[in-house]
Amino acid sequence: MATPVCDGRTLVAEEALQQGWSPVHDLLWVQSMTTYPERVIATSVLVIGTGGSGLRSAIELAERGKDVLAVGKRPKADAHTALAAGGINAALASVDAEDTWQQHAADTLQESYLLANPRTVQIVTQGAARAIGELERYGMPFARERDGRISQRFFGAHTFRRTAFAGDYTGLEIQRTLVDRAARLKIPILDTVYVTRLLVRDNVAFGAYGFDLADGTRYVIHADAVILAAGGHTRIWRHTSSRRDENTGDSLRLAVEAGGRVRDPELVQFHPSGLIEPENAAGTLVSEAARGEGGILLNGLGERFMARYDPERLELSTRDRVALAVYTEIAEGRGTPNGGVWLDVSHLPRETIMERLPGVYQTLLELQMLDITTTHIEVAPTAHYSMGGVWTDPEDYGTGIEGLYAIGEASSGLHGANRLGGNSLIELLVGGRIVGEAAAAYSAQLKAQERSATALVAARAQVDELLSANGPENVRALQRALRDTMTEHAGVVRDESGLASGLARLDEIERRMVDLGVHPDAAGFQSLAHAFDLKSAAVAARATLEAARERRETRGCHNRSDFPELDPSLQVNLVWSGPGSLVREQIPAIPDEIAALMHEVSSAGKLIE
Ligand SMILES: Cc1cc2nc3c(=O)[nH]c(=O)nc-3n(C[C@H](O)[C@H](O)[C@H](O)COP(=O)(O)OP(=O)(O)OC[C@H]3O[C@@H](n4cnc5c(N)ncnc54)[C@H](O)[C@@H]3O)c2cc1C
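Residues numbered from 1 in each chain as written. Predicted model: local features only at pLDDT ≥ 70, side-chain atom pairs only at ≥ 80, totals over all residues. Heavy atoms only, no water.

Caption draft 1: Examining the overall build of the protein chain more closely. Along its length, the protein chain carries 16 helices and 25 strands. Across the 609 residues that make up the protein chain, the buried fraction comes to 61%. In the protein chain, the share of contacts with a sequence separation of at least 24, taken over all contacts with a separation of at least 6, comes to 73%. Counting every atom, the protein chain has about 22,100 Å² of accessible surface; 50% of that belongs to carbon and sulfur. The averaged location of the 81 negative side-chain charges in the protein chain is 2 Å from the averaged location of its 61 positive side-chain charges. (Helix = DSSP H or I, 4+ residues; strand = E, 2+ residues; numbered from the N terminus. Buried < 20%, exposed > 50% of the residue type's maximum accessible area, 1.4 Å probe, protein only. Contact = heavy atoms within 4.5 Å. Areas by Shrake-Rupley, 256 points an atom, 1.4 Å probe, with all protein chains shown as cover. Lys, Arg positive; Asp, Glu negative; His and termini not counted. Charge placed at Lys NZ, Arg CZ, Asp CG, Glu CD.)

This is the structure we're talking about:
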């Protein structure tokens, strides 16, 4: 760890506690200007987020003998990654011997509508087999063939069977495996620390500030390097497959407030079938396997409407096209009474449902007491995955701020305008290793880490200000208003006037945010967390609306009804660095070797998630 310097001052500790949390150094308590105690920690690398990408980065650092501390705002065993079902991609060629990383790269670029960064794609697909091997070494229970080879199946628009899996709970097993590995390496993990601000001095990251969700204790975490692995921004829509209070756009706000940039925030994948009810589970996915197994989609008039949109493939069309079709039926008044469409599997043999769709059967029973063997399911498109994210360099996932890296759903570059199913989980692992390696090297070469008292004061003041907010505006109500705004103006289909109205409504929400009421109580500091979630959501919403307005074309997940064609001049990434600041970034050329392998791939018969 580098020698700490704090603007020439020595931090004064009123009470020093030795908690023996090796390898984290210098654990101190200081009394802040406020009534809340402030705990000061120093480590070599701070990882923000304990989902798959955060844990994999932390493991890499620990395996390299580096001090690392990981923090998250929800329990590590239950991070968003645990929800992933279908599988993880790597050209292992364990089932289809012809598969190669080059073909995986070609499929990824093809599906991205040419907005993915070819270098990011190459690094992830080339490193995928090694990442699976590492996961095996950590004890991941992959499904296997009788002779011991890892099983691989089709998933969406892949040329070959390259999706490895563990039942229909792949993400849960990956998360368990990584949590277990982190425990063996004795990586310190704080599960209740909400990071409110990154600490930066002259474009160099030196730590982060936050608070404890249970008792409000403030945290000043000094570090040589910081890895941002805090997820995406899909919870800023009303229906989302994300966990409650996660994916609120924290990564985007933290990066932008630190001087970083966001790439393609408008590119958000909507999954065609999310539940509408109950309200507290709105957006929960109904697996695409339901369509893959023969489920059909009906509108409120009982018509099998996919015949109008993709007469050949019908319900087996691609995810973006089915989402658009469902959206159009609802928008044009042919939806169900609750604003959805029907997904029907009741014509399938009961045994098929019980054997092939047990998860869907169980979910509907638990959430709605609905028996899918006899009754239709009411579904609507749901915000599922942030394909854009914090601007990152393909080589090391650096953000342009020295010592700050971003990884996982927080990052950008791999997916372009449509994510190939199964590619997210592999990026967590490949990128986690790369970013761990890069942060370790950066920390090792650092001679001294200059801190900034001004940055710390600003971070402290931001929390103080919200904690003392005693206005009439209810945080939950404003979160709801923001989600409604995004759903109505920046959902599956967008247009110029709708996006302009969305921005006007966001202006109004931000005006009301000045009069928030924040009231921590005996149960904890959730109310403060929700207020920060709202701040992040507002930043993410503005970035999304402004970039969606700038992208005057239809490409992949981004549908502009007023610009229905793809515009070759917009084969660029849109990079946002704050309100009104948007620039176009050219995308490097695809290497000939990969371009030669690109072709349209049908997803018929390949829907598993
Ligand atoms: C239902 C579902 C099914 C999916 N299936 C697949 C699949 O089959 N294959 C595939 O490849 N992908 C799948 N995905 C996508 C994939 O699961 C996610 O993209 C991936 O798990 C994201 O991992 P992550 O580490 O980037 O972030 P997350 O797992 O979202 O973790 C983010 C972490 O950051 C922490 N955090 C956030 N903000 C803060 C803050 N301010 N302070 C402190 N901590 C913070 C959170 O607590 C959490 O620990 C699926 C997603 C869903 C929702």
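Caption draft 2: Broad picture of the site of the ligand. Lining the immediate environment of the ligand, one finds 38 residues, of which Thr81, Glu246, Glu409, Ser424 and Leu425 sit closest. Here glycine 86 contributes a backbone N or O atom positioned 2.8 Å from an oxygen atom of the ligand. Within the backbone of alanine 229, one N or O atom sits 3.4 Å away from an oxygen atom of the ligand. Of all the elements in the fold, those that place two or more residues in the shell around the ligand are α1 (52–63), β9 (193–201), β16 (377–386) and α11 (423–445). For the shell around the ligand, the leading source of residues is α11, giving four residues. Residues of the shell around the ligand, tallied by class, amount to 15 nonpolar, 17 polar and six charged. (Near = heavy atom within 4 Å. Polar contact = N/O pair within 3.5 Å; in protein donor to acceptor, adjacent residues only side chain to side chain. Nonpolar A, V, L, I, M, F, W, Y, C, P; charged D, E, K, R; others polar.)

Caption draft 3: Molecular detail of the nonpolar core. Membership of the largest hydrophobic core comes to 57 residues, with the highest contact counts inside it found for Ile88 and Ile227. For this core, the secondary-structure elements that each account for two or more residues are β4 (37–48), α1, β5 (68–71), α2 (101–111), α3 (118–138), α4 (170–184), β11 (218–228) and α11. Examining the composition of this core, we find that eleven residues originate from one element, α11, more than from any other. Dropping the residues within four chain positions of it, isoleucine 88 is found in contact with Ile132, Phe142, Arg162, Thr163, Ala164, Thr170, Ile174, Gly422, Leu425, Ile426 and Leu429. Residues Val220, Val262, Leu456 and Val518 belong to the second largest nonpolar core, which totals 54 residues. (Core = buried A, V, L, I, M, F, W, Y, C linked by side-chain atoms within 4.5 Å.)

Caption draft 4: Region of the structure containing the sheet that holds β16. Strand order in this open sheet of four strands is β13-β16-β15-β14, and the pairing throughout is antiparallel. What marks the edges here is a single partner per strand, and that holds for β13 (268–275) and β14 (296–298). Along the sheet, successive strands turn relative to each other by an average axial angle of 45°, direction set aside. Where strand β15 (residues 341–344) lies against β16, three bridges are found, and the strand directions are antiparallel. From the neighbouring strand, valine 341 faces β16, where its bridge partner is valine 379. Helix-sheet contacts for helix α8 (residues 319–331) involve β13, β14, β15 and β16, and the interaxial angle to β13 is about 60°. Across the face of the sheet, helix α10 (residues 358–368) comes into contact with β13 and β16 while running at roughly 70° to β13. (Pairing = 2+ DSSP bridges. Axes fitted to C-alpha atoms, helices over the stretch in contact; angles between N-to-C directions.)

Caption draft 5: Molecular detail of α4. Its 15 residues give α4 an end-to-end C-alpha distance of 21 Å, which sits within 8% of 21 Å, the value for a rise of 1.5 Å per residue. Burial in α4 covers these residues: Thr170, Gly171, Glu173, Ile174, Gln175, Thr177, Leu178, Val179, Arg181 and Ala182. The elements touched by buried residues of α4 are α1, β6 (88–89), α3, β7 (163–164), β8 (189–190) and α11. Looking one or two residues beyond α4, the residue adopting positive phi is lysine 186, at roughly 55°. (Expected span 1.5 Å × (residues − 1).)

Caption draft 6: Main features of the packing of helix α13 (residues 475–489) against helix α14 (residues 496–512). One can describe the packing of α13 onto α14 by two numbers: an axis separation of 9 Å at closest approach and a directional angle of 175°. Classed by the angle they form, the pair α13 and α14 counts as roughly antiparallel. Contacts between α13 and α14 involve Leu478, Ala481, Leu482, Asp484, Thr485, Glu488 and His489 from the first element and Gly498, Leu499, Ser501, Gly502, Arg505, Leu506, Ile509 and Arg512 from the second. Counted by class, the contact of α13 with α14 contains six nonpolar, five polar and four charged residues. (Parallel < 35°, antiparallel > 145°, perpendicular 65-115°, else oblique.)

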